[in-house]
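Structure assessment
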Amino acid sequence: MAESTTTTRPLKIIAGADSFGCTLKDTLVSHLRSLNIEVEDLGTSSYYTIAAEVGRQVSSSTTPAATETRGLVACGTGVGVAIFANKFPGVYAATCLTPEEALNARSINNSNVLAVSGMSTSPSTAIDILNTWLNTPFKSPCPASNSEPWPQDVESFLDNSIKEMPTIGSGSSQSDESAKCAICCLVKNRELNPIDIIPGGSMKILRETPTSAFVRFKAGSVEPAHHHTFGHDLVVMEGKKSVWNLSKKERYDLGVGDFLFTPAGDVHRVKYYEDTEFFIRWDGKWDMFFDEDLETAKAAVEKELGNGAV
């Protein structure tokens, strides 16, 4: 039976996984609850979406509080979820495949998000990894110290690292909000050209083959039903939109960070609720074949939403 955790504050774990890690995540969530540790299970989604949400919640809880908040994420390898959880300030996600790695991650890096591999790690090993990660204090003896107490100079280094790590990347060169996102940097200080065939839209082609672009639409804009000869995928960077795939009779409500792939030939209509920006990529030339006019599209959207209500 696992020992109680060494944290000096009540502990809360934010958990999530993708489809490759969900079974292992469920096992570890059950184990945490058997230890009377509070768990908020965010369920299963794409590895980047679920890890980003866990990272976001842990990041927002890094200031001193009555409860210590940590994260638990799982995917096929444990690597992808760690990468995306680590996008958020104050998050130190570590992929651990052995208890020894968990010991190092806590002792040296003060890891506050544990990432595990649903494809490589058995449930029993994962529980051992989790117990070690829960019960190891920062700066404790670990394999990296040959299981001996750290010398004073190393302890001082580790203490300073906790203060210094959050400041990395936060210098004056990063003061521009757009500098926080690599995709945004691609269009920084560039003018987007109006999309003449759709009012309210503008676009900047970033690369011709495969084609990628940064697109903006003003709040209230509507893209009439249309289709393309090539499938395309997009990620919403700012704003809020709905996409109706009329071929599949499905609706997708998208916000910041959401991803959508639309297959070639699928007829789709779009409504923008806020000023919205997104990154889009497709193979082949830019083509667009309209299946209805703008007024017909607006009427269909109003009917669907009940006079514009989201």
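Here the structure is a predicted model, which means the values were calculated and not measured. (Residues numbered from 1 in each chain as written. Predicted model: local features only at pLDDT ≥ 70, side-chain atom pairs only at ≥ 80, totals over all residues. Heavy atoms only, no water.)

Another aspect to go through is the sheet that holds strand β9 (residues 222-227). Here we have five strands laid out as an open sheet, ordered β12-β11-β14-β9-β16, and antiparallel in their pairing. Across the chains shown, the open sheet's two edge strands, defined by having one partner strand only, are β12 (250-254) and β16 (289-290). Here two bridges tie β9 to β16, and the two strands are oriented antiparallel to one another. If you follow H226 over to β16, its bridge partner there is F290. Helix-sheet contacts for helix α8 (residues 294-305) involve β9, β11 (241-245), β12 and β14 (268-272), and the interaxial angle to β9 is about 105°. (Pairing = 2+ DSSP bridges. Helix = DSSP H or I, 4+ residues; strand = E, 2+ residues; numbered from the N terminus. Contact = heavy atoms within 4.5 Å. Axes fitted to C-alpha atoms, helices over the stretch in contact; angles between N-to-C directions.)

At a minimum axis distance of 10 Å, the contact between helix α1 (residues 22-34) and helix α5 (residues 123-135) shows a crossing angle of 50°. Between α1 and α5, the interaxial angle falls into the category oblique. Between α1 and α5 lies a crossing of right-handed hand. For the pair α1 and α5, contact is made by L24, T27, L28, H31 and L32 and by P123, A126, I127, L130, N131 and L134, respectively. For the contact of α1 with α5, the class distribution of residues is eight nonpolar, three polar and no charged. (Parallel < 35°, antiparallel > 145°, perpendicular 65-115°, else oblique. Left-handed = near helix turned anticlockwise from the far one by under 90°. Nonpolar A, V, L, I, M, F, W, Y, C, P; charged D, E, K, R; others polar.)

Counting residues in hydrophobic clusters, the biggest one holds 24 residues, and the most contacted among them are I13, L32, L72 and L114. With near-sequence residues (within four places) excluded, L114 lies in contact with G71, L72, V73, A94, C96, I129, L130 and W133. (Core = buried A, V, L, I, M, F, W, Y, C linked by side-chain atoms within 4.5 Å. Buried < 20%, exposed > 50% of the residue type's maximum accessible area, 1.4 Å probe, protein only.)

Positive phi, close to 50°, is recorded for N110, a residue that is not glycine. Looking at the secondary structure, you find N110 in the loop between α4 (99-109) and β5 (113-117). By relative accessible area, which is 25% here, N110 ends up partly exposed. The backbone phi angle of K139 is positive, close to 75°, even though this residue is not glycine. For K139, the position within the fold is in the loop between α5 and α6 (152-164). On the accessibility criterion, K139 (22% relative accessible area) is partly exposed.

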